[in-house]
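So the chains spell out like this:
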Amino acid sequence: MNPHLELIRKRCAEAAKRSGRSPDAVRLIAASKKQPLEAIQQLVAQGQSDFAESTIQEAQQKIPQFPTSTWHCIGHIQSNKTRFIPGLFNWVHSIDSEKLIDRLAQAAAQEYKPLNILLQVNTANDPEKFGFIPAGLNNIVEAILSKQYSHINLKGLMTIGKANVSEGETRRTFAALKTLNDGLSTRFGQGYFSEISMGMSNDYEIAIEEGATMIRVGTALFGERS
Ligand SMILES: *Cc1c(COP(=O)(O)O)cnc(C)c1O
């Protein structure tokens, strides 16, 4: 039995309420990278449905053991690994180039496996980080939608909050992603921007207050990674 799940669920529900939303408006994703199979099994037994992995190699070891769970890819994907993604994951949060989408689209169509994707946004405008810069997003989305991919569903945006900054700065970063998402939703259609993936162990309540629909929680749920 995972001792942290109930408390995290309760905190999520309270944060959702503070943002004027129902608890079901927020999906808790268990970031199970570097955690053992037994820890995942425990959570499955407690009704946890969504899990995330960061690397293909680890995903290939773990995901086939939990075929009824929903799996999210949250790590940077190298182009020589794209062919493995549709058979493993249902969602990719870490989309950081148009070329990556093209390659995933081809793989997903070949396997007849639909993929839900989120565009990772480099909200810090940090050249050392992955993700699209906010100013380029309108053009990127236009390009993606014009291709009418058969097995790719654009669903929203994702960001990774900055580490070691004040609560105020974290909140501003998340609020900025929500504003960006709202603008794109108005321009291109709500169906393409229904999800906002932001918030991790240290900042998931702030993220929910600022509009997250998906949070990715690892250490707060499992303890330190091995
Ligand atoms: C590892 C990881 C998480 C979870 O991080 P914790 O701080 O352990 O909750 C969330 N998102 C991404 C992209 C990650 O790589």
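Model, not experiment: these values are computed from the prediction.

(A) Layout of the pattern of salt bridges. A complete count under the given rule lists 13 salt bridges for this structure. Of the charged contacts, one joins Glu53 and Lys62 as a salt bridge, the two residues approaching to 2.9 Å between their closest N and O atoms. For Lys62, a relative accessible area of 5% gives the class buried. Connected via shared salt-bridge partners are Arg18, Glu167, Arg171, Glu209 and Glu210.

(B) Molecular detail of helix α5 (residues 98–111). Under the 1.5 Å per step criterion, the end-to-end length of α5 is 20 Å for 14 residues, consistent within 8% with the ideal 20 Å. Among all positions in α5, only Leu100, Ile101, Leu104, Ala105, Ala107 and Ala108 are buried. Each element contacted by the buried residues of α5 is listed here: α4 (85–88), β4 (91–95), β5 (115–120), α6 (137–146) and β6 (152–158). Of the residues flanking the end of α5, it is Tyr112, one or two places downstream, whose phi is positive at about 55 degrees.

(C) The arrangement of α6 in detail. Those residues of α6 that fall on the buried side of the exposure criterion are Leu137, Ile140, Val141 and Ile144. Along the axis of α6, the buried residues cluster in a sector spanning 95 degrees; they form a single face. Away from its buried face, by an angle of more than 90 degrees, α6 presents the exposed residues Asn139 and Ser146. Of the surrounding elements, those touching the buried residues of α6 are α5, β5, β6 and α7 (167–188).

What counts as what
Residues numbered from 1 in each chain as written. Predicted model: local features only at pLDDT ≥ 70, side-chain atom pairs only at ≥ 80, totals over all residues. Heavy atoms only, no water. Salt bridge = Lys/Arg side-chain N within 4 Å of Asp/Glu carboxyl O. Buried < 20%, exposed > 50% of the residue type's maximum accessible area, 1.4 Å probe, protein only. Helix = DSSP H or I, 4+ residues; strand = E, 2+ residues; numbered from the N terminus. Expected span 1.5 Å × (residues − 1). Contact = heavy atoms within 4.5 Å. Arc of directions from axis to C-beta.

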